[in-house]
2 protein chains.
Amino acid sequence: MNSAGRRYGRAYEILREAGLRPTRQRLGLARLLFENGDRHVTAEQLQAESTAADMRVSLATIYNTLNQFTQIGLLREVVVEPGRSYFDTNTADHHHFFHEETAKLQDIEGEAIVLGAVPEPPEGTSVERIDIIVRVKNAVN
Amino acid sequence: MNSAGRRYGRAYEILREAGLRPTRQRLGLARLLFENGDRHVTAEQLQAESTAADMRVSLATIYNTLNQFTQIGLLREVVVEPGRSYFDTNTADHHHFFHEETAKLQDIEGEAIVLGAVPEPPEGTSVERIDIIVRVKNAVN
DNA sequence: ACCTGTTTTAAAATCATTCTAAACTATTGA
DNA sequence: TCAATAGTTTAGAATGATTTTAAAACAGGT
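The model shown is predicted, which means the values in this text are computed figures rather than measured ones. (Residues numbered from 1 in each chain as written. Chains lettered and ligands numbered in written order. Predicted model: local features only at pLDDT ≥ 70, side-chain atom pairs only at ≥ 80, totals over all residues. Heavy atoms only, no water.)

Participant: Teacher, can you tell me more about the pairing of strand β4 (residues 95-99) of chain A here?
Facilitator: Remark: a regular strand shows side chains that alternate across the two faces of the sheet. All names here are of chain A. Taken across its 5 residues, β4 has 5 buried, putting it largely inside the fold. As judged from the 5 bridges shared by β4 and strand β5 (residues 104-108), these two strands associate in the antiparallel manner. Residue Phe 97 lies in a different strand from β5, and its bridge partner there is Gln 106. Linking two consecutive strands that pair antiparallel, namely β4 and β5, is a turn of 4 residues; a positive phi of about 60° is found at Ala 103 within it. Bridge count between β4 and strand β6 (residues 125-138): 4 bridges; the pairing is parallel. When the sheet's bridge partners are listed, His 96 is paired in β6 with Ile 133. (Buried < 20%, exposed > 50% of the residue type's maximum accessible area, 1.4 Å probe, protein only. Helix = DSSP H or I, 4+ residues; strand = E, 2+ residues; numbered from the N terminus. Pairing = 2+ DSSP bridges.)

And the structure:
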């Protein structure tokens, strides 16, 4: 590993192993995404953060990177609203609260939600994934 | 009720009660949507159907109508893919299979899926709705 | 039939996302 | 170390779904 590799930590090798060149922008975005625990970001948000961190990364690259990271299993895409995609840095099996008013996602911890019966998939299909979204709004009290 | 009312059945009064004028296009779309059992349609699909049925309805009206019907509880919006909205004529409490390859939705019947533990919503919020999407793809065999 | 407020419409606008083609950069092997 | 090559990034154009706009058409009451 060279000095860049040391500076960026694990991301460097993860990218190499996935066959993605560890470029400046991919490493920088990886750092923003993974250095602060579990997060849910949109492309726009991530660009705002990279700008704030003095990295100039085009929106096209943000989208490419988010999609590539999703493909190699570093991120998971969560669809809750038409016309906006969230990317979740937590790829473990879990589900979400979605705050309708603030448009914010929040992980539901481990056993807090449990599926009783899982349905038989239709003939000739197999289950790929189960997404549960608990939509919440501010309680009126 | 006038002759138009009779011709379009229940929809006529439902719209009036919701404060929506029972116009030709709203009644026609209601007929397409509700006369053939449970359905999942996109705006484009509904327009194709109305064209096929010799009703000219603009896309803008299709969108307006789908949104209005959703607001008054005649439809339910299901979000499964970024950038495409499905409207479900079944507003009863139920969940969905989503076929990733064909982009088709299918209702999961009644008790086939059961939630064991339902999580406590975050402080100050109340649960609005729970959406479960079981994503399936063609089985490899 | 007439008035007034709704509704519909075509067309333009918007928004998130993807594509394109050219400029740039990482990697490899000499 | 350097050049060749293949993979990346980028600005800007293109796309596709949806919403907005402003004007024309219409529904319901008088």
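Structure shown, so let's carry the discussion forward.
Participant: Looking at this structure, how should I read the interface of chain B and chain A?
Facilitator: Interfaces are often sized by the amount of accessible area the parts lose when they come together. Every contact between the two is made by 40 residues of chain B and, on the other side, 40 residues of chain A. Interface area for chain B against chain A, summed over the two sides, is near 3,100 Å², with a carbon-plus-sulfur share of 62%. Of all residues in chain B, the largest losses of buried area upon contact with chain A belong to Val 79, Pro 119 and Arg 135 of chain B, amounting jointly to 18% of the total for that side. Inspection of the region where chain B meets chain A yields 4 salt bridges. Applying the counting rule to chain B against chain A returns 18 residue pairs in polar contact (both at pLDDT 80 or more). For the side of chain B that touches chain A, the elements supplying multiple residues, two or more each, are β2 (76-81), β4 (95-99), β5 (104-108) and β6 (125-138) of chain B. A total of 14 residues in the side of chain B that touches chain A trace back to one element, the largest contributor, which is β6 of chain B. Per-class residue counts for the side of chain B that touches chain A are 21 nonpolar, 9 polar and 10 charged. In this sheet, β6 of chain B lies alongside β6 of chain A in antiparallel orientation, the contact comprising 13 bridges. The residue of β6 of chain B that forms the bridge with Arg 135 of chain A is Arg 129 of chain B. (Contact = heavy atoms within 4.5 Å. Buried area = accessible area lost by both parts, 1.4 Å probe. Salt bridge = Lys/Arg side-chain N within 4 Å of Asp/Glu carboxyl O. Polar contact = N/O pair within 3.5 Å; in protein donor to acceptor, adjacent residues only side chain to side chain. Nonpolar A, V, L, I, M, F, W, Y, C, P; charged D, E, K, R; others polar.)

Participant: Which parts of the structure should I look at to understand the protein's contact with DNA strand D?
Facilitator: Residues in contact with DNA strand D amount to 24 residues; listed here are only the nearest, Thr 23, Gln 25, Arg 26 and Thr 61 of chain A together with Tyr 63 of chain B. Sugar and phosphate atoms represent 80% of those atoms of DNA strand D found within 4 Å of the protein. In the environment of DNA strand D, a phosphate oxygen lies 2.7 Å from a nitrogen or oxygen atom belonging to the side chain of Thr 61 of chain A. Measuring from a phosphate oxygen of DNA strand D, one finds a side-chain N or O atom of Arg 16 of chain B at 3.0 Å. For the surface near DNA strand D, the elements supplying multiple residues, two or more each, are α3 (24-34) and α5 (59-71) of chain A together with α5 (59-71) and β3 (84-88) of chain B. Of the residues forming the surface near DNA strand D, the biggest block, 4 residues, is contributed by α5 of chain B. Grouping the amino acids of the surface near DNA strand D by side-chain chemistry returns 7 nonpolar, 9 polar and 8 charged. (Near = heavy atom within 4 Å.)

Participant: How should empty space enclosed by the protein be read in this particular structure?
Facilitator: Once rolled over the atoms, a probe with the size of a water molecule shows which space is left empty. Applying the stated criterion across every chain yields a total of 2 cavities of 30 Å³ or more. Here the largest cavity is characterised by a volume of approximately 80 Å³. As for the largest cavity, its lining consists of Glu 77, Val 78, Val 79, Arg 129, Asp 131, Ile 133 and Arg 135 of chain A together with Val 79, Asp 131, Ile 133 and Arg 135 of chain B. Those elements that place two or more of their residues in the lining of the largest cavity are β2 (76-81) and β6 of chain A together with β6 of chain B. (1 Å grid on protein atoms, 1.4 Å probe; cavity = no way out; pocket = protein on both sides within 12 Å on 5 of 7 lines; lining within 4 Å. Points joined across faces, edges and corners; volume = space filled by probe spheres on them.)

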